Amino acid sequence: MCVVLGMKNYTILKVILSITICLAVGGLSGYLTSGSITTWYVGINKPSFNPPNWIFGPVWTTLYTLMGVSAGLIWSKGLESSTTKKALYVFGIHLALNFSWSLIFFGLEQPLWAFIEILFLLSSIFYFTNLFYRISPVTGWLQVPYILWVSFATTLNGAIAWLN
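Scoring rules and cut-offs
Residues numbered from 1 in each chain as written. Predicted model: local features only at pLDDT ≥ 70, side-chain atom pairs only at ≥ 80, totals over all residues. Heavy atoms only, no water. Phe/Tyr/Trp six-rings, centres within 6.5 Å; stacked < 30°, edge-to-face > 60°. Helix = DSSP H or I, 4+ residues; strand = E, 2+ residues; numbered from the N terminus. Buried < 20%, exposed > 50% of the residue type's maximum accessible area, 1.4 Å probe, protein only. Patch = residues over 30% accessible without salt bridge, like charges linked within 9 Å, V, L, I, M, F, W, Y side chains within 5 Å. Areas by Shrake-Rupley, 256 points an atom, 1.4 Å probe, with all protein chains shown as cover. Salt bridge = Lys/Arg side-chain N within 4 Å of Asp/Glu carboxyl O. Polar contact = N/O pair within 3.5 Å; in protein donor to acceptor, adjacent residues only side chain to side chain. Contact = heavy atoms within 4.5 Å.

Asks: Can you tell me about the packing of aromatic side chains, naming the residues and giving the values?
Replies: This structure, assessed with the given rule, holds 17 aromatic pairs. A centroid spacing of 4.8 Å and a plane angle of 15 degrees characterise the contact between Trp-101 and Phe-105, whose relative ring orientation is stacked. Placement of both Trp-101 and Phe-105 in helix α4 (residues 82–107) is noted, with a separation of 4 residues, approximately one turn of the helix. Neither residue differs from the other here; Trp-101 and Phe-105 are each classed as buried. Ring centres of Phe-105 and Phe-106 lie 4.8 Å apart, and the angle between their planes is 75 degrees; on these two criteria the pair is classed as edge-to-face. Classification of Phe-106 by relative accessible area gives buried; the value is 12%. In this structure an aromatic cluster arises from ring pairing among Trp-40, Tyr-41, Trp-101, Phe-105 and Phe-106.

Below, the structure written as structure tokens:
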């Protein structure tokens, strides 16, 4: 009983740490680029389907939390497996791409370059989701909202690049 309880606690700690890392990545990129949201972004041309600014915070918080839960569950499978190591490595690269998009779009104010980058980001999401799914299907399914949102964001980014 103690061994099982200990393993569950260990999994919970990995999930909490993974959520914290994902939220920190999102929070830092948001912090570094927040000035552009109220200045540059306000003045650029946007398509009619551009959502209101207030929606991005709750959506991204939810998505980073789901990413963290999935990564923590994968991590809890153990790092002995090369499959698990690869999945987490690809996930880490994905987080770097996720972070970079905000810096390119908002920080550098480059919608076209951000559009090119988000295509790599979206590809990395599909790739890590597939790897996660093979290890634990629930971790893959948890990424469906993220895939849908970034697919929408890719369309939005492309439209903004086109309009500007």
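Asks: Account for a nonpolar patch on the surface, naming residues and giving values.
Replies: Taken together, the side chains of Leu-112, Trp-113, Ile-116 and Phe-120 present a nonpolar region at the surface, about 460 Å² in accessible area. Structurally, Leu-112 can be placed in helix α5 (residues 111–135). Note on Leu-112: relative accessible area 52%, which makes it exposed.

Asks: Please give an account of the side chain of Thr-154 that cites residues and values.
Replies: Relative to the helices and strands, Thr-154 is located in helix α7 (residues 144–163). We classify Thr-154 as buried; its relative accessible area is 9%. Here the side chain of Thr-154 touches Val-150 through a polar contact of 2.7 Å, landing on its backbone oxygen. Residues contacting Thr-154, with those up to four places away along its chain left out, are Phe-115, Ile-118, Leu-119 and Leu-122.

By themselves these figures say nothing about function.
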